Amino acid sequence: MGIIAETIFILAIRQSISIRRIAVLLLLAAIPLVIAIASGLLDADWDGEATQGFIQGLIFNTGLPLIALIVAAPVFADEIEDRTLTNLMLSPISRWQISIPKMLAAAAIVAIPLAISTFVSVLLVFDEEAYSAAIIAALGIAIGAIAFTSLFAFIGTITTRAVVFGIVYVFGFEALISTAIPGLKYVSISGNTLSVLQELNSTLIDAPTSGSNQLPPIEYAIIALLAVITVSNLATVWRLKQMDVH
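None of these values were measured; they are calculated from a predicted model. (Residues numbered from 1 in each chain as written. Predicted model: local features only at pLDDT ≥ 70, side-chain atom pairs only at ≥ 80, totals over all residues. Heavy atoms only, no water.)

Engineer: Tell me what's going on with the packing of helix α9 (residues 189–200) against helix α10 (residues 218–242), and back it up with residues and numbers.
Structural biologist: Contact geometry for α9 and α10: axes closest at 9 Å, N-to-C directions at 135°. One way to sum up the angle between α9 and α10 is to call them oblique. Judged by the sense of rotation from one axis to the other, the crossing of α9 with α10 is left-handed. In contact with I189, N192, T193, S195, V196 and E199 of α9, α10 contributes I218, Y220, A221, I222, A224, L225 and V228. The class makeup of the residues in the contact of α9 with α10 is nine nonpolar, three polar and one charged. (Axes fitted to C-alpha atoms, helices over the stretch in contact; angles between N-to-C directions. Helix = DSSP H or I, 4+ residues; strand = E, 2+ residues; numbered from the N terminus. Parallel < 35°, antiparallel > 145°, perpendicular 65-115°, else oblique. Left-handed = near helix turned anticlockwise from the far one by under 90°. Contact = heavy atoms within 4.5 Å. Nonpolar A, V, L, I, M, F, W, Y, C, P; charged D, E, K, R; others polar.)

Engineer: Run through the nonpolar core, naming residues and quoting values.
Structural biologist: Counting residues in each nonpolar core, the largest one holds 61 residues, and the members touching the most others are F60, L64, I141, F152 and L204. With 13 residues, the single largest contributor to this core is helix α7 (residues 130–158). Ignoring sequence-local partners within four residues, the contact set of F152 consists of P65, A68, L69, A72, A73, G166, Y169 and V170. (Core = buried A, V, L, I, M, F, W, Y, C linked by side-chain atoms within 4.5 Å. Buried < 20%, exposed > 50% of the residue type's maximum accessible area, 1.4 Å probe, protein only.)

Engineer: Which residues make up the packing of aromatic side chains, and what values do they have?
Structural biologist: This model, assessed by the stated rule, comprises four aromatic pairs. Joined through ring pairs, the aromatic side chains of F148, F152, Y169 and F173 make up one cluster. (Phe/Tyr/Trp six-rings, centres within 6.5 Å; stacked < 30°, edge-to-face > 60°.)

Engineer: Outline the packing of α7 against α10, supporting the account with residue identities and numerical values.
Structural biologist: Remark: α7 packs on α10, axes separated minimally by 9 Å, with the N-to-C direction vectors making an angle of 25°. Relative to α10, α7 is oriented roughly parallel. Note that α7 runs across α10; the crossing there is left-handed. Counting all contacts with α7, which are made through I143, I146, A147, S150, L151, F154, T157 and I158, the residues of α10 involved are L225, V228, I229, S232, N233, A235, T236 and R239.

Engineer: Any details on a nonpolar patch on the surface? Residues and values, ideally.
Structural biologist: A cluster of nonpolar residues, I37, L41, I112, I116, V120 and L124, forms a patch on the protein surface that exposes about 570 Å² of accessible area. By residue number, the principal contributor to the nonpolar patch is helix α6 (residues 96–125), which donates four residues. Tracing the chain through its elements places I112 in helix α6. Classification of I112 as exposed rests on a relative accessible area of 53%. (Patch = residues over 30% accessible without salt bridge, like charges linked within 9 Å, V, L, I, M, F, W, Y side chains within 5 Å. Areas by Shrake-Rupley, 256 points an atom, 1.4 Å probe, with all protein chains shown as cover. Salt bridge = Lys/Arg side-chain N within 4 Å of Asp/Glu carboxyl O.)

Shown next, in the form of structure tokens:
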């Protein structure tokens with residue numbers, strides 16, 4: 001079982017790495033770093049609101065979900081479209097042994113470059129407790145990457161327009177609606193990920209205890225993120241079982 005999962009994981013990595021996709025991924029991942037470097041060169045004064053907007057708005061509400069969408073949506077969609085998934089589906093292996101390695105491969109591709117970019121960016125932005133804040137920010141990227149890739153990989157199994165739906169979700173809900181309407185952070189992957197960050201290091205995220213910017217409690221956030229990951233993967237396994245591969 002371990003060898004099968006490892007093989008599928010490696011194949012998923014290779015299939016997800018194309019010159020165009022990696023170029024877009026690296027470009028998006030570099031945006032926070034470029035902003036942090038430019039701010040340093042210009043001696044910009046980062047106050048609390050600007051710092052939180054940088055981390056919350058740019059990285060977690062927009063950058064992370066958008067990169068996850070680009071990588072995760074085609075994980076199954078491309079293979080379904082060109083019918084190469086049939087070879088795996090006809091193999092005598094459980095559907096979850098196909099789903100989990102592919103999701104983890106997508107999460108790794110998303111998390112590694114963005115976590116590095118975020119780590120360095122936070123080091124450049126913060127003057128105090130920089131290393132702990134940078135490590136926690138990178139950890140938050142990894143947590144959010146698993147949740148977002150699980151969701152977008154599932155969407156890729158039910159529609160060939162997963163990227164279109166994903167873009168509407170990222171910019172319409174995660175980046176706009178969930179930040180403007182009180183309470184919607186409770187059903188936002190970014191909002192729950194930021195709640196974990198706030199608990200680990202309030203220097204990174206200093207959200208108020210009430211109002212539209214309130215984040216969910218840490219206990220709720222952990223359960224919500226685990227629920228997204230679990231339900232998305234179970235739904236993907238179910239969807240793979242329903243597919244006609246004959």
